[in-house]
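# Close look at the chain arrangement
Take a look at the letters that make up each chain.
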Amino acid sequence: MATKLKVLRAEHDLTQEDLAEALGTTQKVISAWETGRVNPRPVMMQKVEDFFHVPKEEIFFTAFNYKK
């Protein structure tokens, strides 16, 4: 299943390297976010939200999906 970040990146015709450069990080970090191995820190989530104009809670749903 593709993550929302991967879908957004594809919709904007961006490579992982393109997105990494725009956000000031590396392609390996973008890959880790897309596979769900790592969640970005809040400041990077905000950068992604600002870049795509999509709420970070929607992009990184699993990071905000807490069980009670």
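Residues numbered from 1 in each chain as written. Predicted model: local features only at pLDDT ≥ 70, side-chain atom pairs only at ≥ 80, totals over all residues. Heavy atoms only, no water.

## Focus: unusual backbone geometry
Its identity as a non-glycine residue notwithstanding, aspartate 13 has a phi of 55°, on the positive side. By secondary structure assignment, the location of aspartate 13 is in the loop between α1 (4–11) and α2 (16–23). A positive phi angle, near 60°, is found at histidine 53, a position not held by glycine. Position of histidine 53 among the secondary structure elements: in the loop between α4 (42–52) and α5 (56–59). (Helix = DSSP H or I, 4+ residues; strand = E, 2+ residues; numbered from the N terminus.)

## Overview of the packing of α2 against α4
Axis separation between α2 and α4 bottoms out at 10 Å; the angle between their running directions is 110°. Here α2 is positioned roughly perpendicular relative to α4, judged by the angle of their axes. On α4, the residues that touch Leu19, Ala22 and Leu23 of α2 are Met44, Lys47, Val48, Phe51 and Phe52. (Axes fitted to C-alpha atoms, helices over the stretch in contact; angles between N-to-C directions. Parallel < 35°, antiparallel > 145°, perpendicular 65-115°, else oblique. Contact = heavy atoms within 4.5 Å.)

## So, the packing of α2 against helix α3 (residues 27–35)
Here α2 crosses α3 at 110°, and the two axes come no closer than 8 Å. In terms of axis orientation, α2 runs roughly perpendicular to α3. Where α2 abuts α3, its residues Gln16, Glu17, Leu19, Ala20 and Leu23 lie against Gln27, Ile30, Ser31, Trp33 and Glu34. A class-by-class count of the residues in the contact of α2 with α3 yields five nonpolar, three polar and two charged. (Nonpolar A, V, L, I, M, F, W, Y, C, P; charged D, E, K, R; others polar.)

## Some details on the pattern of salt bridges
What the rule picks out here adds up to three salt bridges. Between glutamate 34 and arginine 9 there is a salt bridge; the shortest N-O distance is 2.5 Å. Linking glutamate 34 in helix α3 with arginine 9 in helix α1, this pair joins segments that are 25 residues apart in sequence. Classification of glutamate 34 by relative accessible area gives buried; the value is 7%. (Salt bridge = Lys/Arg side-chain N within 4 Å of Asp/Glu carboxyl O. Buried < 20%, exposed > 50% of the residue type's maximum accessible area, 1.4 Å probe, protein only.)

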